[in-house]
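# Architecture and fold: a report
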Amino acid sequence: MPEEVMSLGNPAGQFNEERLIQRIRGGEHDLFYELIRPYERRAYSAAFAILRNEADAEDAAQAAMLKALKHIRQFRAEARFSTWLIQITVNEARMRKRKEHAHMIEPIVEHQDEEGNYTPRDFADWREIPLETLERKEVRQMLAEALASLGEKYREVFVLRDMQYLSIEETAKALRISTASVKTRLLRARLMLRDLLAPGLGGNWSSKLSFAKGTKPW
Amino acid sequence: MVVNCEQVWREISNYLEGDIEPGLRTAMEEHIRGCKHCNAVLDGTRNVVQLYGDERMFEVPLGFSQRLQRRLDENMHRDRRGFLGWMVAAAATVLVAGSFEVARSSVSSHPELRSEHAQPGAGVPPDMLVLVASDGKTFHAPGCPFIHDKAHVETIAAREALRAGYAPCVRCMKQYLNAG
């Protein structure tokens, strides 16, 4: 396997990524999987954040990657490839959601007044959480459930900014909203997640989330 | 400048982003120091960002990569038709298998990272001064809001931090990490 496709986590890797894209554009389509391999999990998680169903998210992520290959000539080098791929994935997932899940009822939090101030509902002390706790499946499950309970517009912004590391501007572009809306929704999403998680994770990792007992904090 | 709790909550997200005026930042920090509630909100919000930002949150279904490769292969096969398409699929399989071998060998030639999910820090300038906590896993630029255990940090060169197995903070070192 060519050395230049190995590590993309440094400037040399970035340069190699550009060369890889050039070769794929030149017809070496078999190199495409090497290009997307570092980002396949992120593409899936972006699709999952929108569709909230494993099979749908996988299918959408795969379709998005096929579209990326088909339209690789449209990729502009001034953008990051990962950002471009995530944007295509978000578009694909949103389109599918509109078509296939239009009947689904969004959580009530979706309809809250976005511009209004959000008051934290809980002041549980939540000091440092060792990242090792993420090794525990039930903790990851708690976090996933809390995220899934957010309204779509908050969930999308949070996932793109805080999980995919898109910038505020890139997030706004991907979702076709203003940067001010991104900031407002991001604030809401972070505070709501804190409200959901702090009571359960603040002192006792094995305790249940409050909403798991049917009492949402809003 | 003096701020109240509501103003702190309104700006707490921008505070974590480093996207506020220095005067407001100072006023918020002064308020948070004396306010138990706002302190709890800041700690919790920071924990949310840190936990969800961890790569371990990106779980994919079992067999995801294999199914993706198969679909890509099928797509290329359909496009090219015939013998040439088959050759491409076979080449892709060999490349993928080879990539795992090369990746394994490249990992063994680097110091072991304190966090197996960390991104490599080869792009960080080696002489840059960074902060590390003795029981932490990541190194940070001065002023990064994601430094835990601020009481026990020390300043060392990025080269030393990398050698000791620390990984770059994906937030404050983002400009040096191009994988994301």
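Description of the structure in this document. (Residues numbered from 1 in each chain as written. Chains lettered and ligands numbered in written order. Predicted model: local features only at pLDDT ≥ 70, side-chain atom pairs only at ≥ 80, totals over all residues.)

So, about the packing of helix H9 (residues 179-201) of chain A against helix H3 (residues 36-52) of chain B. The contact between H9 of chain A and H3 of chain B brings their axes to 9 Å, and the two run at 100 degrees. The angle between H9 of chain A and H3 of chain B places the two elements in the roughly perpendicular class. For the pair H9 of chain A and H3 of chain B, contact is made by Arg190, Leu191, Leu193, Arg194, Leu197 and Ala198 of chain A and by Val41, Gly44, Thr45, Val48 and Val49 of chain B, respectively. (Axes fitted to C-alpha atoms, helices over the stretch in contact; angles between N-to-C directions. Helix = DSSP H or I, 4+ residues; strand = E, 2+ residues; numbered from the N terminus. Parallel < 35°, antiparallel > 145°, perpendicular 65-115°, else oblique. Contact = placed C-beta atoms within 7 Å.)

What follows covers the nonpolar core. Residues Ala43 and Ala47 of chain A are the most contacted members of the largest nonpolar core, which totals 77 residues. If one sorts the elements of this core by residue count, H9 of chain A sits on top with 11 residues. Filtering out sequence-adjacent residues up to four positions away, Ala47 of chain A remains in contact with Ala57, Ala60, Ala61, Thr89 and Ala93 of chain A. Counting 16 residues, the second largest nonpolar core, distinct from the first, contains Val124, Val130, Leu131 and Cys169 of chain B. (Core = buried A, V, L, I, M, F, W, Y, C linked by C-beta atoms within 7 Å. Buried ≥ 20, exposed ≤ 12 C-beta atoms within 10 Å, placed from the backbone.)

Strand order in the open sheet made by the 4 strands is E3-E1-E2-E4 (chain B), with mixed pairing throughout. The open sheet has two free edges, formed respectively by strand E3 (153-157) and strand E4 (167-168) of chain B, since each of these has just one partner strand. (Pairing = 2+ DSSP bridges.)

Here the focus is H3 of chain B. With 17 residues, H3 of chain B should cover 24 Å at 1.5 Å per step; its first-to-last C-alpha distance of 24 Å lies within 8% of that length. Most of H3 of chain B sits inside the fold, with 14 of its 17 residues counted as buried. (Expected span 1.5 Å × (residues − 1).)

Moving on: the pairing of strand E1 (residues 129-133) of chain B. Residue and element names in this part refer to chain B. Pairing of E1 with E3, which is carried by 5 bridges, proceeds in the antiparallel orientation. Paired with Leu131 across the two strands is Thr155, which belongs to E3. Hairpin connection, E1 to strand E2 (residues 138-140): the antiparallel pair is bridged by 4 residues.

What follows covers the environment of Tyr33 of chain A. Residue and element names in this part refer to chain A. Position of Tyr33 relative to the elements: it lies in helix H2 (residues 32-36). A residue is classified by how many C-beta atoms lie within 10 Å of it, and Tyr33, with 23 of them, is buried. Along the sequence, Tyr33 and Leu69 sit 36 residues apart, while their C-alpha atoms lie 9.5 Å from each other.

By themselves these figures say nothing about function.
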